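Here is how the chains run, residue by residue.
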Amino acid sequence: MRKNKFPGVREKIVYGHILNKKDISYSIRYTVNGVRREETIGWKSEGYTAEEVYNIRSALIKAIEAGKAFSYKEQTEQRQQEKLANEEALKQEQLKEMTFSFLFENYYKPHIKRKDKKSTFDREVALYEKWLKPFLGDVKLNLISRISLISMLDKMEKARLSNRSKNYAVALTRQVFNFAIKRDLYIGVNPAAKFDELKKEDNRRMRFLSKEELNNLLEEIKKHSYSVYLMALISADCGLRAGEIFKLTWADIDIKERLLFLRDTKNGSNRHAYMSKRVQCELSKLKSGEGNQLLFPSRDGEQIKHISRTFERAVKTIGLNKGITDRKQKIVFHSLRHTYASRLVDKGVSIYEVKELLGHKDIKMTMRYSHLDKERLRKSVQVLDE
């Protein structure tokens, strides 16, 4: 121990604390309720001095005498809690002043730039600049109400925008508020939640491919990219969504049993999908990877986020969307899943079985294919004529 002129302060010379150099450890001694205690405060290398440690001890003794603390550790924790409380109070004050534009541009916009594909990012930013910013931009979050949204929609109505555009504006507002709520940037009710002032449009895509169209499309894709061809084949023959295909790892594939295990699907559950013979044949040609290795990794080995433009170019090359202006009738990658469902119904598989194979949570989602089953049902009734 090293002596000093500060009562209650102990200095201990230690070798090897930092890079084999000499350092000094400071501790304090004091009495609480007749019990002597000693606590380490810190090191000279951290900037402490004997005088500073003595002042810390003096402040602690005053706190003990006032009944505010009974150890340096307790006093330090109290100060930390006070600091956190003050920081939280300041944050809450700042949140009260946050405007919709500040939230969108400083938090939400960087988030979707990282997460979404470029076309989605550009579309949302354009909608924000054109409609949300002029009406909601300078308004504090806690002052935005349903009336604020109705005023914006009235202006969009006068500009003769479609219900789809207006619904999209409300949906984007809802997304921004939900984003803020999840990240504790906003405390309150989402003004765009359960917003039923607008008519909902049926945006479901119903078009599916004939057997000839499907085969032509697969052959065209195969000329340019085997991996995109295989993804398209899995969707068309196994009914997988694009996101479910992107998540597939080698551990999820059982080629012998012709099974695909789908984790954390859109409806929040896991399920099995079943391979066709041609999917089994194509997958068996691949060189197996490690269990946690993605079946279709991106160039940097990560999970891909959207289907390659190869698919879109193939659709254009064989003219599947030629002359079609209704977006619901255009062929996109998801049309392969619709094609899978329509082929099942056409072959006599019941709507309830199709529901399970598609992984739909609600039978209402599957009922869109029920019209394809009418001819089979008509033939079933003919047994009464026999």
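Residues numbered from 1 in each chain as written. Predicted model: local features only at pLDDT ≥ 70, side-chain atom pairs only at ≥ 80, totals over all residues. Heavy atoms only, no water.

### Notes on the pairing of strand 2 (residues 21-32)
As paired strands, strand 2 and strand 3 (residues 35-43) are joined by eight bridges and run antiparallel to one another. Following the sheet pairing, Tyr 30 is matched in strand 3 by Arg 37. Hairpin connection, strand 2 to strand 3: the antiparallel pair is bridged by two residues, and Asn 33 has positive phi, about 50 degrees. (Pairing = 2+ DSSP bridges. Helix = DSSP H or I, 4+ residues; strand = E, 2+ residues; numbered from the N terminus.)

### Structural notes on the nonpolar core
Residues Leu 217, Ile 234, Leu 240, Leu 260, Phe 311 and Leu 336 are the most contacted members of the largest nonpolar core, which totals 36 residues. If you list the elements that add at least two residues to this core, you get helix 7 (211-224), helix 8 (226-238), helix 9 (242-247), strand 5 (259-262), helix 10 (277-284) and helix 11 (309-317). Considering each element in turn, this core owes the most residues, nine residues, to helix 8. Once residues lying within four places of it in the same chain are set aside, the contact partners of Leu 240 are Ile 234, Ser 235, Ile 245, Leu 248, Leu 260, Leu 262, Ala 273 and Arg 337. Residues Phe 104, Tyr 128, Val 170 and Tyr 186 belong to the second largest nonpolar core, which totals 30 residues. (Core = buried A, V, L, I, M, F, W, Y, C linked by side-chain atoms within 4.5 Å. Buried < 20%, exposed > 50% of the residue type's maximum accessible area, 1.4 Å probe, protein only. Contact = heavy atoms within 4.5 Å.)

### Quick look at the pattern of salt bridges
Applying the stated criterion across every chain, the model contains 17 salt bridges. A salt bridge links Asp 122 to Lys 118; the shortest N-O distance between them is 2.7 Å. Here Lys 118 and Asp 122 lie together in helix 4 (residues 118-136), a separation of four residues that amounts to about one turn. The exposure class of Asp 122 is partly exposed, given its relative accessible area of 34%. By relative accessible area, Lys 118 is classed as exposed at 63%. (Salt bridge = Lys/Arg side-chain N within 4 Å of Asp/Glu carboxyl O.)

### Focus: helix 5 (residues 146-158)
Compared with the 18 Å implied by 1.5 Å per residue over 13 residues, the 18 Å span of helix 5 between its first and last C-alpha is a close match. The set of residues buried in helix 5 consists of Ser 148, Leu 149, Met 152, Leu 153 and Met 156. Within helix 5, the buried residues cover an arc of 135 degrees as seen down the axis, which keeps them to one side. Along helix 5, exposed side chains directed more than 90 degrees from the buried face belong to Ile 147 and Lys 158. Those residues of helix 5 that are buried lie in contact with helix 4 and helix 6 (163-182). Backbone geometry just after helix 5 places Arg 160 at a positive phi near 60 degrees. (Expected span 1.5 Å × (residues − 1). Arc of directions from axis to C-beta.)

### Thoughts on the packing of helix 3 (residues 100-115) against helix 4
Helix-helix packing is characterised by the crossing angle of the two axes and by the distance between the axes. Remark: helix 3 packs on helix 4, axes separated minimally by 12 Å, with the N-to-C direction vectors making an angle of 175 degrees. Relative to helix 4, the element helix 3 lies roughly antiparallel. Two secondary-structure elements touch here, helix 3 through Phe 100, Ser 101, Phe 104, Glu 105, Tyr 108, Lys 109, Ile 112 and Lys 113 and helix 4 through Phe 121, Glu 124, Val 125, Tyr 128, Leu 132, Lys 133 and Leu 136. Along the lines of polarity and charge, the residues of the contact of helix 3 with helix 4 split into nine nonpolar, one polar and five charged. (Axes fitted to C-alpha atoms, helices over the stretch in contact; angles between N-to-C directions. Parallel < 35°, antiparallel > 145°, perpendicular 65-115°, else oblique. Nonpolar A, V, L, I, M, F, W, Y, C, P; charged D, E, K, R; others polar.)

### Section: unusual backbone geometry
With glycine set apart, most residues show a phi of negative sign, and most peptide bonds adopt trans. Despite not being glycine, Arg 160 shows a phi value in the positive range, around 60 degrees. Taking relative accessible area as the criterion, Arg 160 reaches 78% and is therefore assigned exposed. One non-glycine residue, Asp 184, lies in the positive phi region at around 60 degrees. Locating Asp 184 in the fold gives a position in the loop between helix 6 and helix 7.

### Notes on helix 11
Along helix 11, the positions that sit buried rather than exposed are Thr 310, Phe 311, Ala 314 and Val 315. Down the axis of helix 11, the smallest arc covering the buried residues is 140 degrees, so these residues share one side. The exposed residues of helix 11 that point more than 90 degrees off its buried face are Arg 309, Lys 316 and Thr 317. Turning to helix 11, the residues buried within the fold contact helix 7, helix 8 and helix 12 (335-346). Phi for Gly 319, located one or two positions after helix 11, is positive at around 75 degrees.

### Some words on the environment of Leu 209
Positionally, Leu 209 belongs in the loop between helix 6 and helix 7. Judged by its relative accessible area of 3%, Leu 209 is buried. Along the primary structure Leu 209 and Ser 335 are separated by 126 residues, whereas in three dimensions their C-alpha atoms are 7.6 Å apart. In this structure Leu 209 touches Leu 214, Leu 217, Leu 320, Ile 331, Leu 336 and Thr 339, once residues within four positions along its chain are discounted.

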